[in-house]
Amino acid sequence: CLLVKTSKYNALNFLPMNLFEQFQRLANAYFLFLLFLQLIPQISSLAWYTTVIPLMVVLSITAVKDAIDDVKRHQNDNQVNNRSVLVIVTEKWMNVQVGDIIKLENNQIVTADILLLSSSEPYSLAYIETAELDGWLSQIKITELGLLFLFFFSGEVRCESPNNKLDRFTGILMYKGKNYILNHDRLILRGCVIRNTDWCYGLVIFTGPDTKVMQNSGKSTFKRTHIDHLMNVLVLWIFLFLGCMCFLLAVGHYIWENNKGYYFQDYLPWEDYVSSSVFSATLMFWSYFIILNTMVPISLYVSVEIIRLGNSFYINWDRKMFYEPKNTPAQARTTTLNEELGQVKYVFSDKTGTLTQNIMIFNKCSINGTLYGMHDDRIRRNKEKVDFSYNKLADPKFSFYDKTLVEAVKRGDRWVHLFFLSLSLCHTVISEEKVEGELVYQAQSPDEGALVTAARNFGFVFRSRTSETIMVVEMGKARIYQLLAILDFSNVRKRMSVIVRTPENRILLFCKGADTIICELLHPSCRSLKDITMDHLDDFASDGLRTLMVAYRELDSAFFQDWSKKHSEACLSLEDRENKISIVYEEIERDLMLLGATAIEDKLQDGVPETILTLNKAKIKIWVLTGDKQETAVNIAYACNIFEDEMDEIFIVEGNNDETVGGELRYEGRTATMKPDSLLESDPVNSYLTTKPQPPFKIPEEVPNGSYGLIINGYSLAHALEGNLELELVRTACMCKGVICCRMTPLQKAQVVELVKKYKKAVTLAIGDGANDVSMIKAAHIGVGISGQEGMQAMLSSDYAFSQFRYLQRLLLVHGRWSYNRMCKFLSYFFYKNFSFTLVHVWYAFYSGFSAQTVYDTWFITFYNLVYTSLPVLGLSLFDQDVNETWSLRFPELYEPGQHNLYFNKKEFVKCLLHGIYSSFVLFFIPMGTVYNSVRKDGKEISDYQSFSLIVQTSLLCVVTMQITLETTYWTMISHVFTWGSLGFYFCVLFFLYSDGLCLLFPDIFQFLGVARNTLNLPQMWLSVILSIILCMLPVIGYQFLKPLFWPVSVDQVSATGIYPNRIHDPLTSRRSAYAFSHKQGFGALITSGKTVKAKLPKRNSFHYKK
Amino acid sequence: MSEKYMWVTCRTRMKRKCQNYESRLPDNTAVKQQQLPAFRLQLTASEILSGFFAIGLFCLGMGIILLLSAKSIKEVEINYTEKCATCAKLREEATNFDKECNCSISFYLPQKMEGNVYLYYKLYGFYQNLYRYILSRSNIQLVGADVKDVRNCAPFRTSDNGLPIAPCGAIANSMFNDTIVLWYNFNSSTHIRVPMVRTETAWWTDKYVKFQNPAFQNLSSAFAGTAKPPNWPKPVYELDENDPGNNGFINDDFIVWMRTAAFPNFKKLYRRLHRIGNFTEGLPAGSYSFIINYNFPVSRFQGQKAVVLSTLTWSGGSSLFLALTYVEP
C-alpha cells in the first residue's frame, strides 16, 4: 500500500504511546520512581503534588511538542497521500499499491519508487527533476521497454529488497519468457518531479517506508553533544552526592533519635512500625532522598531542549546566512547540537562544491600546439569579451577573451575545427530546446557542460541527440552524426570516447581524458606535439586550472565492425563483464592523434580564503579531504589560504607501504623539522604514551616549531590508518597548520574523522556537499551540508545546511559561540540555583532532629523550578550575548575557550556546587539568626516555622534573581520582563497561596494562612533579605569582576588589530593539475539505448502482477 | 526514528514555498536577528570598588542603628528548670498528673522596665519542628469546619475510647500548660499581683481567620462527641471560661502554641503587662517573684524552661544577631 505514513500517533494512541516513550527517558522514569516513593506514607516527606505537578508540566510540554510535530506530519502525509494520480482510474496516492501501473503527468511529484515503462517523449525518454534528492536539476530516465506492456500484462518483476542506495537498483522483469534487466536508470525515486514529459507510465516498485529516500533518511546515528555527556556524568555525580548526603543525614537521625527522640516520645511517640532508631534512620534515608531530589532538577532536560530549539531557530532565521541567488536560508536540521558549534576544533572540508563553486569556466586551451586564452587575470579584466555574434546559437553568458581563437575558427583552421567538433560530440550532455534557438544543456558534470558550451559558442553547436544520432550545427550548417558507441567514463579509465559516423561516412573516435592516460594512448607520430601540449598543461596547472586532453582517431569500417562485435559480446557476458568491456575499450582507444588540451577554471566560492583565515585565527584546524588529485587539491589549498607561501615546509606523504609511510610520518615530518625531540623519551607525549593508557585516551596538544603543511595521498593513508601508524599520523597531522588528504574514498574520509575523534577528543565538524561526503558528515560530531551544485544527499544527512562555505564562520563564531556560552551559563546557573535551593534543607536538618522537615512551603518547592526561576534562566540562555556578533567575528580568538571547554566543565561544576553550598549556608543562617529568639515589635511571633520558611524562600529567590542579573550581560526588554516579572510574580503567587479564601477552602493543603501579610511587613525580614543578598553577592561580584584584572585570560585582552592581509597568490613551483572529472559513471550507456543485456540478478524480493 | 520523520517535514515545507517562488529570506525582526536593543552591563574596577565601599558603609550604618536599638531593650530571663527541681521530679512520673506543684522564684529588677513589657515562656530543646509533629494537626478542625476531622492527627487522633480528640494531634496535645504569675514585692508585706493581659498575643489572622470555634450556641455542646487531648487536664472549651472570646480554639495561649516554632529553642509570648496602677509606666524597679504552677514536664527529654520579661523597640525583639552581622562586613 502506498499510504505514506510518517506520523507516529493518532488521536487514540497518542496519550499512552507518548507517555510510554517519555518514561523511557531516564530522568522521567526517575521522577516517576520518586513519585512512587512519595506515595509510601512511611517515608513520604513531601506532599505528592510537589513531584506530580512539575512532572505533569514537563511531560505535557514534551507531549505538546510531540503532538505539534505529529500534526505537522499528519498534514504532510495527507498532502502527499491525497495528490491524485491516474491508476488507469484516478486514485489517490495512498491507495496505490505495489504492482500498480500508474500514469504520471508533467510536473507531477512522484511519491513512490517507480519503474518507468513508457513515456510520451521520443525514444522513450522521460525527464525528471531530482532537485529534492541530489540537487541535480534534471536527469533523464530511460523507458525503452515500450508501451506494449501497458495493455497485456502477465509479468513478474524480481528486484532487490528495499535498501538505501539511491544510485543502485538491480532487478529483472520477466515477461513472456524474456528477461529484461532493470537498473537504477529506469527507476524514478520518490520525491522526483516529472518535467518536460507529457506523460509516462510506470510500475510501482517500492512504496512508503520501502522507498529509497525513506530508507536513506532513517539511517543516521543519533548524535549527542559533549555537554550532553558531561551533563549525564554530572547528574550521576549529583546522585552520588545525594546518596552520601542522605546517608549522613540518616546517621544524624539515628544519633538524634537515640539521644533526643527516644525521650521526646511523650510528645511525639514513634510510629507503631518503628521499633528502633536504626529502622527509623533507614526510613529517613529515603525521606531525605525525596526532599533532596531537587538537586537533580526535573526541568533540566526540558529546559536544555527548549534552549537548543531556540538557538536553532536563530540559525534558521539568520538573514546573514541566507543565500539570495539560491533562495536558501541556513537550516538547522538537528536541534540538539547547537552548543557544540562553539567548541569545534577540527573542520574537515570537502573541496569540490564546498570550497569551490563547482562552476567550471572554459578558460584556456591548447590546440595543435598553439595556446589560446589570456595568461594573466589582471589583463583579462581590461580586455573586451570576444564577440560571438556570428553564431546565432551562442550562449550569451559565455565569455572568452582571446580573439585569436575566434579568428582561427573563422579562418577555418582544420585542427581548431576538429578540436571543437570533438568537444561537441564527445560527451553525454542532453540538450533541450523549448524555444527555437534557445538551447539548454543538461550536463552530468559542470566540466562537461563547460566544454560543450565552449564548443557551442565557437560555432560547433551540439543541438540535439537521439539514441543513435547527434545533431551538430557546424558553423551554421546542421550535420547529423551517427552515434555508434559511447565508451563511457569510469574512475579507472579516466577517459571517455565516442565513436561516430560522419555524414561523409567516415568513422571517427573522439576521446577526452586525463593527460597521464591519454599520453600513453597517443600515436607515436604526435610526440613533438605532445611535448608542446604538456608544456601548456604545466602552465594551466600552475594557474590552478583543471585540464583535459582531447584526441581523435579515424577508424576503418572493417576494424570497427569487428570491434563492435567484440563489444556486444563483452556486454552480454555474464561474468566479469566490466573487466571484459574495459579490455575491449582499450583495444580501440589507442593510436590516438592528439588534438589539444582544455583548461577549465574551478572557481572558488566567495569569501573562502577570508573565512579560512578567520577560522585559523580561532585555532580551528582545517583539513581538506578530497577525492581529487593531489595537484588540484594543493592548488586550491593555496588559493584559499590553507597553505601559505610562508609555511616552513610542506610534507608530502606518498609512500606505498607501511614502512615508507611510517618513516615519512615519523622522521621526515616530525622529527627532522617540526619537533626534533618528539622521538625522545623525555618528550611528554612519548612518556605519556609509554604509560600505556587505556584505549580511549587523548593525545595531548603538541606545539611544533613553525608552521607546516601536510599532504597525504589516499593510498598512503590506507597504510597510515593501519595499526600503530595511526598514532604517528595523528601526531604529525595535528601539528600541521593545514592538512590536505587527496584521492580519498568516502570511507577514508570517515576514517580520518573517526581517527581525530578517537585520539584528540576534540569536536570535529565535517562540511561537504556531495554524496561522497555523507560518510564523513555522519561520522563527525557535527555535519554541515552545502546545499550546492553537486547534490542534496549530503544535506539530507547533515545537521546544519547552508549554501555557502563562508557562512561557516558565522555559524561557528557567532551562533556556535553564543549557543555554547548560553548553554554554559545556563548549566552553571541551573545547578547553582538548585544547590542553593536544596542544600538549605541539609542545614535545617541539624535543627529539626534530622526529621526530613523541609524549610520551604511545599508549594514553593513545587513552583520553584517550574515557575519562579524558569523564565529568567530561559531568557538568559536565549537572549544573552557576551559580546556582539561584530566582535566575535572580528576577534576569532574569543572562540578558543569553547574549544577547551572552559566555561562549563567538571571544575566549573564543582565551583557551582561550592557556590551553592555557600549560598545555602548564608540563606539558612542569616534568616535563622534573624528570627532566633526574636519577636515582632508588638511582641508577637516571628520565629515560627512558617515565617522562617517565608523569609528563607524570599531571600533565596532574591539571591538567585540577583545572581542571574550578574550573569546577564545583555539586558533586553525581554530579560527585564522575565527577571523582574518572575520575582514580582512570586510575590503575587505568595499572596494568593497564603490568602484567606484559598486557605479556608482547603485548610489542609494551604496551611500558610496570613504568613505573607504578617511577615512581609517586618523590617527584620527585609533587613535579613538584604543581608543575605549582600553576603551572597559580594564574593561573586568580587570574583567575577576582579578576576580579569588580576588573572586575565585571552578573551579579556583581545588586541585591536583585526585587519586581514590581502594576499596575492604567487605559486613558487609549477604544479600539475590534472583530470578531475566530477562525473558519474554509466551515463553513456543511457544514451546509447536499446542495448541492454541479461545479467545475473539477486533474487531476493519479487512480486507478481497480473492484469 | 524521529530524525527520519523530521526531514520529511522540512522538505515538504521547502517544496511548497519553492513552487510559489516565494522568497525564503527570513524576517528582519529584532528577535529573529538577535538584534534586540539592549543595555550592556559593563563595570570598571573603580566602580566595583566604590560599590563595595558604599555597601560597606551602608552595612556599617545599618549595623550601628540596629546595635543601638538592640541595646536599649531590657530583658530578664530566668531559667526555672533547676530552680523547680522538685516539681520537675514530680512531673517525671506520669501518675502524678493530678498533683499540683507550685514553685516560686524571686528576682530583683535593678532598673525599671519602661513601656510595654511582655512576658514570655521559653523552651530549650523542645522540637516543635519535627516533620511528623508539624503535620500532626487538623486545620479543618481548628477552623471550626468539622470538629471530628482528625485525619492528619496521628498519633493523637482518637482517645482510648475511640472518640476523636479535639483539638487533635501532637502539637495540641503537647501544649505548654504551666501557669506563670508575676508578683511585685512592693515591700516585705505587700505583694501585688502584676496585672497581665492574656489576649492579643497571637497574630490577628490566626485568631480571627485560621482558628474558629465550631458554630454552636454552647461551646461545650459544640465539642460533644469529642475527647480532650490526653495530656490536657481539661477540655478545650474550658481554656478560659471567663472570656468567651478567648475560649476553645480561639484561646490565645492555644493559638500561640499551635504556631510551631522553627527551632528547638524558642520563646513564646505568654502575657502582656496591663499598664494600670503602679504599672502605668511599665515595671518599676524592685523585687519580684514568679509563682509558677509547674505542669509541663521537660526534664524527660533534657529540655529546659525559662521565663522572660522583655521590652521591645521598632525592630522587635532583642536580637543582636542582625546588628552584629551588619557590622561585620
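Just so we're clear, the structure is a prediction, and the values are computed from it rather than from any experiment.

A few points about the overall build of chain A
Logical step 1: If you tally the helices and strands in chain A, you get 37 helices and 34 strands.
Logical step 2: Here chain A holds 1107 residues, and the buried ones make up 62% of them.
Logical step 3: Long-range pairs, those at least 24 residues apart, make up 75% of the contacts in chain A between residues at least 6 apart in sequence.
Logical step 4: Looking at chain A as shown, the accessible area adds up to about 42600 Å², and 58% of this sits on carbon and sulfur atoms.

So, the packing of aromatic side chains
Centre-to-centre distance and the angle between the planes together describe a pair of aromatic rings.
Residues and elements named next belong to chain A.
Logical step 1: Taken as a whole, this structure holds 100 aromatic pairs over all chains when the rule is applied.
Logical step 2: Between Trp-237 and Phe-909, the aromatic rings sit 6.0 Å apart at their centres with planes inclined by 65°, giving edge-to-face as the arrangement. Here the residue Trp-237 occupies a position in helix 6 (residues 226-261), and Phe-909 occupies one in helix 31 (residues 906-931), the gap between them amounting to 672 residues.
Logical step 3: You can call Trp-237 partly exposed: its relative accessible area is 35%.
Logical step 4: Its relative accessible area of 3% is what places Phe-909 among the buried residues.

Some remarks on the UniProt feature "transmembrane region" (unreviewed entry) in chain B
Logical step 1: The UniProt record marks residues 48-68 of chain B with the feature "transmembrane region" (unreviewed entry), using the residue numbering of this structure.
Logical step 2: With 100% helix and 0% strand, the stretch residues 48-68 of chain B has end C-alpha atoms that lie 30 Å from each other.

Digging into the pairing of strand 3 (residues 101-105) of chain A
Residue and element names in this part refer to chain A.
Logical step 1: With respect to burial, strand 3 is a largely interior element, four of its five residues being buried.
Logical step 2: Where strand 3 and strand 12 (residues 199-206) come together, five bridges link them in antiparallel fashion. Paired with Leu-104 across the bridge in strand 12 is Cys-200.

As for the UniProt feature "active site" (unreviewed entry) in chain A
All names here are of chain A.
Logical step 1: Cross-referencing UniProt, the feature "active site" (unreviewed entry) maps to Asp-350 in the present numbering.
Logical step 2: Filtering out sequence-adjacent residues up to four positions away, Asp-350 remains in contact with Leu-355, Leu-625, Thr-626, Lys-749, Ile-767, Gly-768, Asp-769, Asp-773 and Met-776.
Logical step 3: Side chain to side chain, Asp-350 and Lys-749 meet in a polar contact 3.2 Å long.

Re the confidence of the model for chain B
Residue and element names in this part refer to chain B.
Logical step 1: For chain B, the mean per-residue pLDDT works out to 83, and 89% of the residues sit at or above 70.
Logical step 2: Throughout residues 1-20 the model reports pLDDT below 50, and contacts reaching past four residues in sequence, or to other chains, amount to 41 contacts.
Logical step 3: With a pTM of 0.80, the predicted complex shows an ipTM of 0.91.

Section: the interface of chain B and chain A
Logical step 1: Between chain B and chain A, the contact holds 103 residues from the first and 117 residues from the second.
Logical step 2: For the pair chain B and chain A, the summed buried surface comes to about 9900 Å²; carbon and sulfur atoms form 60% of the total.
Logical step 3: Across the salt bridge formed by Lys268(B) and Glu941(A), the nearest N and O atoms sit 2.9 Å from each other.
Logical step 4: Across the chain B-chain A interface, the total number found is 35 residue pairs in polar contact (both at pLDDT 80 or more).
Logical step 5: The leading source of residues in the side of chain B that touches chain A is helix 1 (residues 2-19) of chain B, at 16 residues.
Logical step 6: For strand 33 (residues 970-972) of chain A and strand 1 (residues 38-40) of chain B, the ladder comprises three bridges, and the chain directions are antiparallel.

Examining the nonpolar core
Logical step 1: Judged by nonpolar contacts, the single largest core of 192 residues is most densely connected at Trp257(B) and Leu283(B).
Logical step 2: A per-element tally of this core places helix 26 (residues 807-845) of chain A first, with 16 residues.
Logical step 3: Residues within four places of Trp257(B) in sequence aside, it is in contact with Tyr121(B), Leu123(B), Phe126(B), Gln128(B), Tyr133(B), Ile171(B), Ser174(B), Met175(B), Phe176(B), Phe266(B), Lys268(B) and Phe296(B).
Logical step 4: Within the second largest apolar cluster, 52 residues are counted, among which are Phe362(A), Val452(A), Tyr481(A) and Tyr552(A).

Quick notes on the rules
Residues numbered from 1 in each chain as written. Chains lettered and ligands numbered in written order. Predicted model: local features only at pLDDT ≥ 70, side-chain atom pairs only at ≥ 80, totals over all residues. Heavy atoms only, no water. Helix = DSSP H or I, 4+ residues; strand = E, 2+ residues; numbered from the N terminus. Buried < 20%, exposed > 50% of the residue type's maximum accessible area, 1.4 Å probe, protein only. Contact = heavy atoms within 4.5 Å. Areas by Shrake-Rupley, 256 points an atom, 1.4 Å probe, with all protein chains shown as cover. Phe/Tyr/Trp six-rings, centres within 6.5 Å; stacked < 30°, edge-to-face > 60°. UniProt positions renumbered as here; feature names shortened; annotations may be inferred. Pairing = 2+ DSSP bridges. Polar contact = N/O pair within 3.5 Å; in protein donor to acceptor, adjacent residues only side chain to side chain. pLDDT = per-residue confidence, 0-100. Buried area = accessible area lost by both parts, 1.4 Å probe. Salt bridge = Lys/Arg side-chain N within 4 Å of Asp/Glu carboxyl O. Core = buried A, V, L, I, M, F, W, Y, C linked by side-chain atoms within 4.5 Å.

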